[in-house]
Amino acid sequence: MIRDEKRLQALLTQMRQWVRERAIPAEDQVAERDEVPAELVQEMRELGLFGWSIPEAYGGAGLTTEELVLGAFEISQCSVAFRARVGTNTGIGSEGIVADGTEEQKAKYLPRLASGEWTGCLAVTEPDAGSEATNVKTTARREGDHYVLDGMKCFITNAPIADVFTVTARTEPESKGAKGISGFIVERGMPGLSTGAPYRKMGQAGSPVGEVYFKNCIVPATNVIGGEEGRGFKTVMKTLNKQRIHLAALSTGPAMRMLEMAIAHTTKRVQFGQPVANFQLVQALIADCQTEIYAARSMILETARRRDRGEEVVLEASMCKYFATEMCGRVADRCVQMFGGSGYVADYAPIERWYRDVRLFRLYEGTSQIHQLNIAKQTLAQA
């Protein structure tokens, strides 16, 4: 659903211009320093990128799902670090509060997340609770007007720099599965919370990912998301259902950018007296990339529109995430092939960096294999 076509086009044009004029020229610097420059983070705040999907009542842009994915197609055509820097605020780091937070929680946290004053993150994954998201070992016990959290989370995007964490913990010690899992809003600075150093990763330089530790961590009882125990897993599923559509779009933008780079290279690279783009086998690679990008974009937009209409899209969101992230990996591989030897050498072309960066898409927010199982389960249930 597009609320105001003129206003949306202005936002997309502004985003496209910023990506080309400010973000892309800084990509090498981001890779070398392993961080997004502070001045560009401030520019992203001023552009309102941290609050795209946060309601207007709390300082955000209140984008619909369709508007959000259209914006995601644009911002993800520069280094992954840029969209990761804002992505937790306008996605998984705030969506739990947007979906299930009390009015007091929304009023306290969403304006700061929307403005980019605070960076949020979703802390769900544990060493034994990756794909098995209900196997939560982190505990929370009630003591008077607060809870005491103990445990740890791993592979958490933006954890090393986050100011506020949406956390799942088990409030019923003997419970199993989704039952007894509650959601909490934990601020950096609350006693007993700490974070580890950023991981050294295969790719996505500039996007800090790390661990979160809770050791007798004191969290006010008012910070239980929704003010009620036992709803944490449902909150996470609501968050991920929307985020999977969003992430699918964020995986399609990089495919667009990689194909653009490959076309620029193959139309200039001359072999046997002509540009290599003239050769039919290279054209076959281009055609396959373009077709799959179009397919991903189409299914993402259709699913976003259905969600905006209030329809159930659990199956479709999973299919979007599965197809788009796998598609992006295939496009990356073909584009390296079109660059030839220079595509493998970091000194010659940035395509090798993109090849490494997009590999993570198939792992987080549900591995491709988990989505295959989920898609089959949903399909069989419908049958």
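Model, not experiment: these values are computed from the prediction.

Caption draft 1: A look at the overall build of the protein. Broken down by element type, the protein carries 12 helices and nine strands. Here the protein has a C-alpha radius of gyration of 21 Å; the compact-globule value for 383 residues is 21 Å, and the two agree. The proportion of buried residues among the 383 residues of the protein is 54%. For the protein, the proportion of contacts with a sequence separation of at least 24, taken over those separated by at least 6, is 75%. A gap of 2 Å separates the mean positions of the 45 positive and 47 negative side-chain charges of the protein.

Caption draft 2: Inspection of helix α3 (residues 38–46) at higher detail. Every buried residue of α3 is accounted for by Leu 40, Val 41, Glu 43 and Met 44. All buried residues of α3 lie within an arc of 155° about the axis, which places them on one face of the element. Exposed residues lying more than 90 degrees from the buried face of α3 are Ala 38 and Glu 46.

Caption draft 3: Up close: the layout of surface pockets. By volume, the second largest pocket amounts to about 220 Å³. A total of five residues in the lining of the second largest pocket trace back to one element, the largest contributor, which is helix α1 (residues 5–23). Taken together, the residues of the lining of the second largest pocket break down into eight nonpolar, two polar and four charged.

Caption draft 4: Spotlight on the packing of α1 against helix α4 (residues 65–75). In the contact formed by α1 and α4, the axes pass within 9 Å of each other and the chain directions differ by 20°. In this view, α1 runs roughly parallel relative to α4, as classed from their interaxial angle. The handedness of the crossing between α1 and α4 comes out as right-handed. Contacts between α1 and α4 involve Leu 8, Leu 12, Met 15, Arg 16 and Val 19 from the former and Glu 67, Leu 70, Gly 71, Glu 74 and Ile 75 from the latter.

Caption draft 5: Highlighting the pairing of strand β1 (residues 120–123). Side chains Gly 120 and Leu 122 of β1 all project onto a buried face; the interleaved residues Cys 121 and Ala 123 project onto the opposite face, where all are buried too. The pairing of β1 with strand β4 (residues 164–170) spans four bridges and is classified as parallel. Counterpart to Gly 120 in the pairing with β4 is Val 164.

Caption draft 6: Fine view of the nonpolar core. Grouped together as the largest cluster of nonpolar side chains are 65 residues, with contacts concentrated most on Met 44, Phe 82, Met 258 and Ile 300. Counting residues per element, the ones that place at least two in this core are α1, α3, α4, α5 (80–87), α8 (232–268), α9 (280–308), α10 (314–339) and α11 (351–357). Once residues lying within four places of it in the same chain are set aside, the contact partners of Met 258 are Cys 328, Val 331, Ala 332, Cys 335, Ile 351, Trp 354 and Val 358. If you look at the next biggest cluster of nonpolar residues, it comprises 21 residues, including Cys 121, Ile 156, Phe 165 and Cys 217.

Caption draft 7: How the structure looks around empty space enclosed by the protein. If you walk through the whole model with that rule in mind, you get one cavity of 30 Å³ or more. As a volume, the largest cavity reaches approximately 60 Å³. Considering the residues around the largest cavity, the lining is formed by Leu 49, Trp 52, Ile 75, Arg 83, Val 86, Gly 87, Thr 90, His 246 and Leu 250. Secondary structure elements with two or more residues in the lining of the largest cavity: α5 and α8. The element best represented in the lining of the largest cavity is α5, accounting for three residues. Residues belonging to the lining of the largest cavity are distributed by class as follows: five nonpolar, three polar and one charged.

Caption draft 8: The arrangement of the side chain of Glu 27 in detail. Within the fold, Glu 27 resides in helix α2 (residues 27–33). Within the structure, Glu 27 has its side chain in polar contact with the side chain of Arg 257 (distance 2.8 Å).

Caption draft 9: Broad picture of the environment of Pro 254. As for its placement among the helices and strands, Pro 254 is situated in helix α8. Residue classification places Pro 254 among the buried positions, given a relative accessible area of 1%. C-alpha of Pro 254 to C-alpha of Val 219: the two residues are 35 residues apart in sequence and 39 Å apart in space. Leave out the neighbours within four places in its chain, and Pro 254 touches Ser 76, Cys 328, Trp 354, Val 358 and Phe 361.

Caption draft 10: Layout of the pattern of salt bridges. Applying the stated criterion across every chain yields a total of 27 salt bridges. Residue Glu 117 pairs with Arg 112 through a salt bridge whose shortest N-O separation is 3.4 Å. According to the relative accessible area criterion, Glu 117 is partly exposed, its value standing at 46%. In this structure, Asp 150 engages Arg 141 in a salt bridge whose closest nitrogen and oxygen atoms are separated by 3.3 Å. Judged by its relative accessible area of 22%, Asp 150 is partly exposed.

Caption draft 11: Region of the structure containing the pairing of strand β2 (residues 139–143). Strand direction decides the pairing type here: β2 and strand β3 (residues 146–157), joined by five bridges, are antiparallel. When the bridges of β3 are listed, Thr 139 appears paired with Asp 150. Counting the residues that bridge the hairpin from β2 to β3 gives two residues, and of these Gly 144 lies at a positive phi of roughly 65°.

Caption draft 12: Main features of the packing of α10 against helix α12 (residues 368–382). Orientation of α10 relative to α12, taken along the N-to-C sense of each, is 145°, at an axis distance of 9 Å. Of the two possible hands of crossing, α10 and α12 adopt the one that is left-handed. Across the interface between the two elements, Val 314, Leu 315, Ser 318, Met 319, Lys 321, Tyr 322, Thr 325 and Glu 326 of α10 pack against Ser 368, His 371, Gln 372, Asn 374, Ile 375, Gln 378, Thr 379 and Gln 382 of α12. Per-class residue counts for the contact of α10 with α12 are five nonpolar, nine polar and two charged.

What counts and how
Residues numbered from 1 in each chain as written. Predicted model: local features only at pLDDT ≥ 70, side-chain atom pairs only at ≥ 80, totals over all residues. Heavy atoms only, no water. Helix = DSSP H or I, 4+ residues; strand = E, 2+ residues; numbered from the N terminus. Rg over C-alpha atoms; globule rule 2.2 N^0.38 Å. Buried < 20%, exposed > 50% of the residue type's maximum accessible area, 1.4 Å probe, protein only. Contact = heavy atoms within 4.5 Å. Lys, Arg positive; Asp, Glu negative; His and termini not counted. Charge placed at Lys NZ, Arg CZ, Asp CG, Glu CD. Arc of directions from axis to C-beta. 1 Å grid on protein atoms, 1.4 Å probe; cavity = no way out; pocket = protein on both sides within 12 Å on 5 of 7 lines; lining within 4 Å. Points joined across faces, edges and corners; volume = space filled by probe spheres on them. Nonpolar A, V, L, I, M, F, W, Y, C, P; charged D, E, K, R; others polar. Axes fitted to C-alpha atoms, helices over the stretch in contact; angles between N-to-C directions. Parallel < 35°, antiparallel > 145°, perpendicular 65-115°, else oblique. Left-handed = near helix turned anticlockwise from the far one by under 90°. Pairing = 2+ DSSP bridges. Core = buried A, V, L, I, M, F, W, Y, C linked by side-chain atoms within 4.5 Å. Polar contact = N/O pair within 3.5 Å; in protein donor to acceptor, adjacent residues only side chain to side chain. Salt bridge = Lys/Arg side-chain N within 4 Å of Asp/Glu carboxyl O.

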